[in-house]
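What follows is each chain in one-letter form.
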Amino acid sequence: MNLRASLCILLGVLLLSGCVQSLSPFFTDDAKVAMPELNGKWSMLDEKGRPKTQKDWVFEDGRILTYSDKGGSGMLDATWFKVGDQLYVDTTAHSLESDTVSDWWIFHVMPVHILCKVERGDRNLVFKLLDLDWMKRALTNGVVSLPFVEGEGSDMVLFTAAPGQWMQFLEQQGTNDAAFEGGDEYTFARSPERLRTQEP
């Protein structure tokens, strides 16, 4: 199967996966933060807390090199930002790193922005995706009011909210665990093989 066919199939699957996608960033410039302490290699963990067999992801300043369990890779641009004390990461596709691509890179090829709530432990990171089903319910019952366009059959929802609108949303709902509980969750552990942070 060639790359183009693989992209079409994977994109079709991912559009139905319940991820909140936005044409605009989820942050305003004043909310951005540098997170050099997260630079290095991180192992994705399975549901039992064991490292998966895929290669470690590499976090380096504003980029995340992602890998899938089949060996595909892809570089994401990552913007770390805070609303209050809560850390988030906004990611977009940057570049292909191989002929086989990671699912996470495919996630972003529209191109769109993806939001994760980031929870930090001593040596762990948890990425929690904003739950699309929760967003749909919140839009229907008036809890949330954000502009969006909807695909045929409402399987795809693409948000067109401006960065300031997203920041206001996160100020109101960012601490609402229900908004993130139903979305996919990815846990990482610091790899023993750590990249050195380059001094400026």
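Residues numbered from 1 in each chain as written. Predicted model: local features only at pLDDT ≥ 70, side-chain atom pairs only at ≥ 80, totals over all residues. Heavy atoms only, no water.

(A) The arrangement of the overall build of the chain in detail. Scanning the chain for helices and strands turns up five helices and 11 strands. Looking at the chain as a whole, 45% of its 200 residues qualify as buried. Within the chain, counting contacts between residues at least 6 apart in sequence, those at least 24 apart form 61% of the total. A total of about 10,700 Å² of accessible surface is found on the chain, and carbon and sulfur atoms cover 47% of it. (Helix = DSSP H or I, 4+ residues; strand = E, 2+ residues; numbered from the N terminus. Buried < 20%, exposed > 50% of the residue type's maximum accessible area, 1.4 Å probe, protein only. Contact = heavy atoms within 4.5 Å. Areas by Shrake-Rupley, 256 points an atom, 1.4 Å probe, with all protein chains shown as cover.)

(B) Spotlight on the environment of Y186. Examined against the element boundaries, Y186 turns out to sit in strand β11 (residues 185–190). Residue class for Y186 comes out buried when judged on its relative accessible area of 18%. Distance in space between the C-alpha atoms of Y186 and M44 is 7.1 Å, their sequence separation being 142 residues.

(C) The pairing of strand β5 (residues 73–83), seen in detail. Across the 11 residues that make up β5, a large majority, eight, are buried. In this structure, strand β4 (residues 63–67) lies alongside β5, joined through five bridges in antiparallel fashion. Its bridge partner lying in β5, T66 is registered against G74. The antiparallel hairpin formed by β4 and β5 contains five residues in its connecting segment, where G71 sits at a positive phi of about 95 degrees. (Pairing = 2+ DSSP bridges.)

(D) Spatial organisation of the pairing of strand β8 (residues 124–129). Where burial is concerned, most of β8 is hidden: five out of the six residues are buried. Relative to β8, strand β7 (residues 113–120) is paired through five bridges, and the arrangement is antiparallel. Each residue of the ladder has a partner; that of V118, found in β8, is F127. Pairing geometry for β8 and β11, over five bridges, is antiparallel. Note that in β11 the partner of V126 across the bridge is T187.

(E) View of helix α4 (residues 163–173). Those residues of α4 that fall on the buried side of the exposure criterion are W166, M167, F169, L170 and Q173. An end-on view of α4 places all buried positions within 160 degrees of arc, on one side of the element. Residues of α4 that are exposed and angled more than 90 degrees away from the buried face: E171 and Q172. (Arc of directions from axis to C-beta.)

(F) Region of interest: the environment of L125. For L125, the location among the structural elements is in strand β8. In this structure L125 touches L38, W42, F59, V118, E119, R120, Y186, T187 and F188, once residues within four positions along its chain are discounted.

(G) The arrangement of helix α3 (residues 132–140) in detail. Here α3 has its buried residues at L132, W134, M135, A138 and L139. Along α3, the residues classed as buried sweep out an arc of 155 degrees about the axis, all on the same side. Residues of α3 that are buried make contact with β9 (148–150), β10 (157–159), α4 and α5 (178–181). Two or three places before D133, at the opening of α3, D131 has a side-chain oxygen 3.2 Å from that residue's backbone nitrogen. (Polar contact = N/O pair within 3.5 Å; in protein donor to acceptor, adjacent residues only side chain to side chain.)

(H) Quick look at the confidence of the model for the chain. Averaged over every residue, the pLDDT of the chain is 80; residues scoring 70 or more account for 76%. In this model residues 1–16 is a low-confidence stretch, pLDDT under 50, and it forms 21 contacts with partners more than four residues away in sequence or in other chains. Taken as a whole, residues 194–200 scores under 50 in pLDDT and shows 10 contacts with residues more than four places along the chain or in a different chain. (pLDDT = per-residue confidence, 0-100.)

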